[in-house]
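Report on the structure
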Amino acid sequence: MISAFTGQQIRDAEQPLLDSGEGAVLMQRAAYGLAQAVAREVKSRRKLAGASVTVLAGKGNNGGDGLFAAAMLARRGMRTTAVLAAPEVHQEALAAFVAAGGRVVQLEAGNAEELAVLSAGGDCIIDALLGTGARGGLREAPAELVASLQELRPRLVVACDLPSGLDANSGEVHWPVLDADITVTFGGIKAGLMADPGEGCAGRVELVAIGIERSLESISPELRRLTDSDLGTLLPKPGRRAHKYSRGVLGVVAGSARFAGAAALSVHAAALAGVGMVRYLGPQSAAQLVLARTPEALWETDHSGRVQAWLLGSGVDGEEQLQRAKEAGALALADDLPVAVDAGALSLLPERCPAHWILTPHAGELATLLNSLPSTGEVKVTRDDVESRPLHFVRQAAEQTGATVLLKGATTLVSSPSGVVFSQSEGTAWMATAGSGDVLAGVLGALLAQAAESIRHDDGAYAALGLDPADRWAALAAVAASVHGRAGALASADFDGGPLTASAIAEAVPRVIGSLSAEYDPTRP
């Protein structure tokens, strides 16, 4: 599992070394890792000798890291320029940079645009303006410089620890921010690099060890991300003597006469994600499409029979189908069953949900949900608010509803009511297509039905993650988000990286689950 930490957690881990006089050692390790990453990336494009790099250096330790790294690159034959964004910068780092032959330019109110043009014409820019301790964004000349650079689109941008203007704790972005191709971060990954909109500005994240990693092992991370190994061990696997009922039965109230496709997609995705049986409740017009697509499903006209979990809401519309969803929710609450709550059913929540109810809104739906809660207050939450601060609002929604909340997006965040949050980002932008959310709901419902009996008493894979039982539902939802994202990426690859449909995402789900489960199956010889 990949863990991400707040800026304060990183600084607390550094403090014992700083107290012992090891601050210079930390900076040299960070600078060396940054220089190595820049050299490796530039060499993949051209010869290192003679290539040009410009470091944008702020006044703090972040600027010192950048200047020391640029000095190392100068000694390897690169032409180096430092744009100093403050009258005072790290003096030892600046002296090392000058001694290595670097050229120094002072950023002033009148030369920001000129320096942007000169910097963008080089082979690489190192953004070392603001570090984890900064509050707010860039101002005045540095802001003008970065805004101009963003328009000019430099060949290669490497962020030092994190892109300047990105909040290390939340991923909130204070514009302007220079989008990085690579972010080289030190000691531990910052939470802001694994939550949007920050993750969208960070590019590929590389972690450099500087000697504080052991201290972070005892700290509860701000964010968690499941790896291939985690996914392979958490995915449900049928035993040799399994049968359709032991593999889980999912009840689905989805679709309507108007949105019959949502029912067909969610039921089909659930069947492809490994559930033993799907019982569908809905109007005949939608049921006909469901059964034509997934003949293995059962159409229940009046009652569902026994199920292990419910999926409610995808494409639900009209009084009759909304009533079915409401009644199924009441049954689930009475029987203490897990529920995936999507789209139309988000307005049917009980006063307080259990943690094994997993809500799956997009940003607009989350804003609507928050505004419907009595504790939100007079200030209305907008979709833009949620998109600007998704980590804050997904936690707020989970805390206020009692449910686990999966906020869909380029980076999907899943929050437990306790505040434990998972972040998954394996998809492709082509997945922003009609029906994609219905497929995710089907995958999630299938995993809930398969894990409903075991997850509460698990002393293996989930326990190994150090999660309390109530927080394991968030981990399971993160598994669903990851499988969905990987299926989308795989389906797009089938079309040479091009556009896809929700149906194509669903069809790729078994391949994703199969590859992950096979690779990490401990029973295989």
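Structure: above.
Take the nonpolar core next. With 67 residues, the main nonpolar core has F422 and V443 as its most contacted residues. With twelve residues, the single largest contributor to this core is helix 18 (residues 472-494). Those residues in contact with F422 that lie beyond four places of it in its chain are M1, R224, L226, T412, L413, V414, L467, D471, A474, A475 and A478. Membership of the second largest hydrophobic core comes to 51 residues, among which are W310, A325, V341 and L346.

Right, let's talk about the pattern of salt bridges for a bit. A pair can form between side chains of opposite charge whenever their charged atoms are brought close. Inspection of the entire model under this criterion finds 18 salt bridges. Among the salt bridges present, the one from R324 reaches E320, with a minimum N-O distance of 3.1 Å. Highlighted residues: R324 and E320, both in helix 12 (residues 319-335), separated by four residues, approximately one helical turn. Owing to a relative accessible area of 17%, R324 belongs among the buried residues under this scheme.

Packing of helix 5 (residues 112-120) against helix 6 (residues 140-152) brings their axes to within 8 Å, and their N-to-C directions diverge by 40°. On the basis of the axis angle, helix 5 is oblique to helix 6. In the packing of helix 5 onto helix 6, the handedness of the crossing is right-handed. Contacts between helix 5 and helix 6 involve A112, E113, L115, A116, V117, S119 and A120 from the former and A141, E144, L145, S148, L149 and L152 from the latter.

Reading across the sheet, the seven strands line up as 4-3-2-5-6-7-9 and stay open at both edges, with parallel pairing between neighbours. Each end of this open sheet is capped by a strand with a single partner; those strands are strand 4 (103-106) and strand 9 (204-208). Within the sheet, the average angular offset between the axes of one strand and its neighbour, ignoring direction, is 20°. The sheet contact formed by strand 6 (residues 157-160) and strand 7 (residues 182-186) spans three bridges and is parallel. In the sheet register, V158 faces strand 7, and the bridge partner there is I182.

About the cut-offs
- Residues numbered from 1 in each chain as written.
- Predicted model: local features only at pLDDT ≥ 70, side-chain atom pairs only at ≥ 80, totals over all residues.
- Heavy atoms only, no water.
- Core = buried A, V, L, I, M, F, W, Y, C linked by side-chain atoms within 4.5 Å.
- Buried < 20%, exposed > 50% of the residue type's maximum accessible area, 1.4 Å probe, protein only.
- Helix = DSSP H or I, 4+ residues; strand = E, 2+ residues; numbered from the N terminus.
- Contact = heavy atoms within 4.5 Å.
- Salt bridge = Lys/Arg side-chain N within 4 Å of Asp/Glu carboxyl O.
- Axes fitted to C-alpha atoms, helices over the stretch in contact; angles between N-to-C directions.
- Parallel < 35°, antiparallel > 145°, perpendicular 65-115°, else oblique.
- Left-handed = near helix turned anticlockwise from the far one by under 90°.
- Pairing = 2+ DSSP bridges.

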